[in-house]
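Each chain, letter by letter, is given below.
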Amino acid sequence: MKIRIQKKCCCSRCDKKTPQTRTSEGYAGTQYYLDYTCDVCGCINLFPTKAPKGSTTYYVNQQYCETST
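The following refers to the structure shown.

Criteria and cut-off values
- Residues numbered from 1 in each chain as written.
- Predicted model: local features only at pLDDT ≥ 70, side-chain atom pairs only at ≥ 80, totals over all residues.
- Heavy atoms only, no water.
- Phe/Tyr/Trp six-rings, centres within 6.5 Å; stacked < 30°, edge-to-face > 60°.
- Buried < 20%, exposed > 50% of the residue type's maximum accessible area, 1.4 Å probe, protein only.
- Helix = DSSP H or I, 4+ residues; strand = E, 2+ residues; numbered from the N terminus.
- Pairing = 2+ DSSP bridges.

1. Things to note about the packing of aromatic side chains
For step 1, the next point in the chain: Under the defined criterion, the tally for this structure stands at two aromatic pairs.
For step 2, the next point in the chain: Aromatic side chains Tyr-27 and Tyr-32 sit 5.1 Å apart centroid to centroid with 70° between the ring planes, which places their arrangement in the edge-to-face category.
For step 3, the next point in the chain: Assessed through its relative accessible area of 56%, Tyr-27 is described here as exposed.
For step 4, the next point in the chain: Where Tyr-36 meets Phe-47, the ring centres are 5.8 Å apart and the plane angle is 70°; that geometry is what we call edge-to-face. Of this pair, Tyr-36 sits in strand β3 (residues 31–38) while Phe-47 sits in strand β4 (residues 44–49); the two residues are 11 residues apart in sequence, bridging distant segments of the chain.

Next up, the structure:
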């Protein structure tokens, strides 16, 4: 299921603010970009932004093991 995130941004081809749908996101080198596709002309526009803050959660599973000698 595709989630459409729509925003009015300035399109580089239309040269005016048009409704745009976010198509992808990610790093290009060291810069993080959000990619939007113009709903009017289909041009892909890149907008540099800050990378989302991520955190990694670790869970330690402890088991009691009895050893016999």
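2. Observations concerning unusual backbone geometry
Backbone phi values are negative for most residues with the exception of glycine, while trans is the configuration of most peptide bonds.
For step 1, the next point in the chain: For Asp-15, which is not glycine, the phi torsion reads 60° and is therefore positive.
For step 2, the next point in the chain: Among the structural elements, Asp-15 can be located in the loop between β1 (6–10) and β2 (17–28).

3. So, the pairing of β3
Sheet faces and side chains relate simply in a regular strand, where the side chains alternate between the two faces.
For step 1, the next point in the chain: In terms of burial, β3 is a largely internal element, six of the eight residues being buried.
For step 2, the next point in the chain: Relative to β3, β2 runs antiparallel, the two sharing eight bridges. For Glu-25, the partnering residue across the bridge sits in β3 and is Leu-34.
For step 3, the next point in the chain: With antiparallel pairing between neighbouring strands as the criterion, β2 and β3 make up a hairpin whose turn holds two residues, including Gly-29 at a positive phi of roughly 75°.
For step 4, the next point in the chain: The sheet contact formed by β3 and β4 spans six bridges and is antiparallel. Within the sheet, the bridge partner assigned to Asp-35 lies in β4 and is Leu-46.
For step 5, the next point in the chain: The loop that links β3 with its antiparallel partner β4 comprises five residues; one of these, Gly-42, has a positive phi angle of about 85°.

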